[in-house]
Amino acid sequence: MSDISIYEITVTQVIKNLEHLKRFIDKGKSFAESKKIDIDVLLNSRLAPDQYNFIRQIQLACDTAKLGAARLTGKQFQTHEDKEKTLSEVIERIDSVIGILKGLKPEDYKEASESKISLPRWEGKSLTGKEYALHHMIPNFFFHIVTAYDILRHNGVELGKKDYLGDFPFKA
């Protein structure tokens, strides 16, 4: 078994899960329509009073993906202003980040594993690119994806584990 690359876990898997997120949103839209609920109710729902709402979870998942890729490759990407308020704007944000990630190649991650990454809130401490991907970026990305899933599920949208996991690349 070959080692998994940082590109595979921070690009391939992230794109796959952003696509899953769009399917969650489609199911949320269908649910809202069938129950005659304004979609804004779902977009602004949260699990707890002190937790971010659905839209912010999407923004943070997208930012984690995009900023993680930038930190690991040294590339600069467009800034999103976090002003999404509608379903179409949320989907456009996800599609924009998917487009950015699809523009990356494994070669862009050639030096990523050993690169030094530091964030202002880390007070001068740093992680290698590999440590950053495994201990910060990926867990943070999935935290926001699963929280978005949970917000919809909590509001009655029929989502299950298969929706979250998606299809597997089974071999015969």
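Residues numbered from 1 in each chain as written. Predicted model: local features only at pLDDT ≥ 70, side-chain atom pairs only at ≥ 80, totals over all residues. Heavy atoms only, no water.

Peer 1: Can you lay out the side chain of T10 for me, pointing to particular residues and giving the numbers?
Peer 2: Relative to the helices and strands, T10 resides in helix 1 (residues 6–35). A distance of 2.7 Å separates a polar side-chain atom of T10 from the backbone oxygen of I6. If sequence neighbours within four positions are ignored, T10 has contacts with L72, Y109, A133, M137 and I138. (Helix = DSSP H or I, 4+ residues; strand = E, 2+ residues; numbered from the N terminus. Polar contact = N/O pair within 3.5 Å; in protein donor to acceptor, adjacent residues only side chain to side chain. Contact = heavy atoms within 4.5 Å.)

Peer 1: Lay out the packing of aromatic side chains with the relevant residues and their values.
Peer 2: One pass over the structure, following the stated rule, counts six aromatic pairs. Seen from their ring centres, F141 and F142 are 5.2 Å apart, and the 80 degrees between their planes marks the pair as edge-to-face. Looking at F142, the relative accessible area reads 23%, which means it is partly exposed. Plain terms: the ring middles of F168 and F170 are 5.4 Å apart, the flat faces sit at 75 degrees to each other, and that makes the pair edge-to-face. A relative accessible area of 69% places F170 in the exposed class. (Phe/Tyr/Trp six-rings, centres within 6.5 Å; stacked < 30°, edge-to-face > 60°. Buried < 20%, exposed > 50% of the residue type's maximum accessible area, 1.4 Å probe, protein only.)

Peer 1: Any chance you could break down the environment of I145 for me, citing the residues and the numbers?
Peer 2: Note that I145 resides in helix 5 (residues 129–154). Taking the C-alpha atoms as reference, I145 lies 7.8 Å from N17; in sequence the two are 128 residues apart. Ignoring sequence-local partners within four residues, the contact set of I145 consists of N17, L18, L21, F24, A61 and Y164.

Peer 1: Which residues make up the packing of helix 1 against helix 4 (residues 87–102), and what values go with them?
Peer 2: Running from amino to carboxyl end, helix 1 crosses helix 4 at an angle of 165 degrees, the nearest separation of the two axes being 10 Å. Taken as axis vectors, helix 1 and helix 4 run roughly antiparallel relative to one another. Between helix 1 and helix 4 lies a crossing of left-handed hand. On helix 4, the residues touching V11, V14, I15, L18, E19, L21, K22, I25 and K29 of helix 1 are L87, V90, I91, I94, D95, V97, I98, L101 and K102. (Axes fitted to C-alpha atoms, helices over the stretch in contact; angles between N-to-C directions. Parallel < 35°, antiparallel > 145°, perpendicular 65-115°, else oblique. Left-handed = near helix turned anticlockwise from the far one by under 90°.)

Peer 1: Describe the nonpolar core, listing the residues and the values that go with them.
Peer 2: By size, the foremost hydrophobic cluster in this structure holds 46 residues, and its most contacted members are L18, L21, I58, L72, I94, L101 and Y109. With twelve residues, the single largest contributor to this core is helix 1. Excluding residues within four positions of it along the chain, L101 makes contact with V11, V14, I15, L18, A65 and A69. (Core = buried A, V, L, I, M, F, W, Y, C linked by side-chain atoms within 4.5 Å.)

Peer 1: So what about helix 4? Which residues, and what values?
Peer 2: Taking 1.5 Å per residue, 16 residues should reach 22 Å; helix 4 reaches 23 Å between its end C-alpha atoms and fits that length. Of all the positions in helix 4, only L87, V90, R93, I94, V97, I98, I100 and L101 are classed as buried. The buried side chains of helix 4 occupy one side of the element, clustering within an arc of 160 degrees when seen end-on. Opposite its buried face, helix 4 presents the exposed residues S88, E92 and K102, each directed more than 90 degrees away. On its buried side, helix 4 packs onto helix 1, helix 2 (39–43) and helix 3 (54–73). (Expected span 1.5 Å × (residues − 1). Arc of directions from axis to C-beta.)

Peer 1: An account of the environment of D167 is requested, with residue identities and associated values reported.
Peer 2: Topologically, D167 is positioned in the segment after helix 6 (161–165). On the basis of relative accessible area, D167 is assigned to the exposed category, the value being 58%. Between the alpha carbons of D167 and D108 there is a distance of 27 Å; along the sequence they are 59 residues apart. At 3.3 Å, the side chain of D167 forms a polar contact with the side chain of K162.

Peer 1: Hey, could you go over a nonpolar patch on the surface for me, with residue numbers and the actual values?
Peer 2: On the surface, L165, F168 and F170 cluster together into a nonpolar patch covering about 340 Å² of accessible area. Here F170 lies in the segment after helix 6. (Patch = residues over 30% accessible without salt bridge, like charges linked within 9 Å, V, L, I, M, F, W, Y side chains within 5 Å. Areas by Shrake-Rupley, 256 points an atom, 1.4 Å probe, with all protein chains shown as cover. Salt bridge = Lys/Arg side-chain N within 4 Å of Asp/Glu carboxyl O.)

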